[in-house]
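Geometric and topological summary
What follows is the residue order along each chain.
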Amino acid sequence: MTVSSIDAEALYQTLLAQLRTALGPQLAAGSWSIAGIHSGGAWIAARLAADLGLPEHGVINVAFHRDDYAKKGLHSQAAPTTLPFDVLDRSILLVDDVLATGRTIRAAVNELFDYGRPARVALAVLADRGGRELPIDTTFVGGTVSLPADAQLALRQEPDGRFVFDTVSSAAPSA
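About the thresholds
- Residues numbered from 1 in each chain as written.
- Predicted model: local features only at pLDDT ≥ 70, side-chain atom pairs only at ≥ 80, totals over all residues.
- Heavy atoms only, no water.
- Salt bridge = Lys/Arg side-chain N within 4 Å of Asp/Glu carboxyl O.
- Buried < 20%, exposed > 50% of the residue type's maximum accessible area, 1.4 Å probe, protein only.
- Phe/Tyr/Trp six-rings, centres within 6.5 Å; stacked < 30°, edge-to-face > 60°.
- Lys NZ or Arg CZ within 6 Å of the ring centre and 35° of its normal.
- Pairing = 2+ DSSP bridges.
- Helix = DSSP H or I, 4+ residues; strand = E, 2+ residues; numbered from the N terminus.
- Contact = heavy atoms within 4.5 Å.
- Axes fitted to C-alpha atoms, helices over the stretch in contact; angles between N-to-C directions.

So, about the pattern of salt bridges. Scanning the model with the defined rule gives 8 salt bridges in all. The partner of Arg-156 in a salt bridge is Glu-158, with the nearest N and O atoms 2.1 Å apart. Residue classification places Glu-158 among the partly exposed residues on the basis of a relative accessible area of 21%. A single network of salt bridges, built from pairs that share partners, joins Glu-9, Arg-47 and Asp-51.

Okay, here's the thing in C-alpha cells:
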C-alpha cells in the first residue's frame, strides 16, 4: 500500500463547495438528510454533516445487498445501518468515497429502500474512477481519477480528520 498522488483533501473541498452551492439553502432548511456508505462514505458523510451544519447523518451497511454476498459472506467488521431520520419521502444525499462499477451504490440504494421510499436520492463521491458495470452516475463528485486496472483506492482518515487515499495494487508480486 502506498500513499496515492490523488489528493483526497482537495477532492473533499471541491465536493463540499459543490454541495454548498447546489444544496446550501435546502440543507439549511432541513429538506435533505445525508447517509454515508460504511466505511469511507460514512467518514465523509460525518465530516460533510459537520461542515454543512447538519444535525445528523446516517450510515448505510451494504453487506446483505452485495451481489457477491454468497461468495464472500458477511465482513467481520460490518456495522449495522443507522439512519437517525425517516427515509419515507425524504431527499437523501448518499455518500461514498470511490465510484467504480456501481455495484456498491446499487446495494446501498437497495438497503436504503428497506427503510422506506425516499423522495429522491442524490449521489456524492470523492473520486469517480469510471469502469461502470451498472447505469449509475454521480450527482456531485470531487473529481475523476485514473488508475491502473489492477489498482484500488483506499480512503483513510488521519487523526486530525484529514482524508488520504492509499493506492493498493491487486497484482500478484513477481517471483
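To continue, consider the packing of aromatic side chains. For the structure on display, the rule yields 1 aromatic pair. Note that Arg-47 overlies the ring of Tyr-12, its terminal NZ or CZ placed 4.1 Å from the centroid.

Taken in spatial order, the 3 strands make up an open sheet running S1-S8-S7, and their pairing is antiparallel. Where the open sheet ends on each side, the last strands, each with one partner, are strand S1 (2-3) and strand S7 (151-157). Two strands pair when backbone bridges link them, and S7 and strand S8 (residues 163-169) are joined in this way by 7 bridges, in the antiparallel orientation. Residue pairing for S8: Arg-156 is matched across the bridge by Val-164. The strands touched by helix H2 (residues 40-52) within the sheet are S7 and S8, with S7 carrying the most contacts at an inclination of about 40°.

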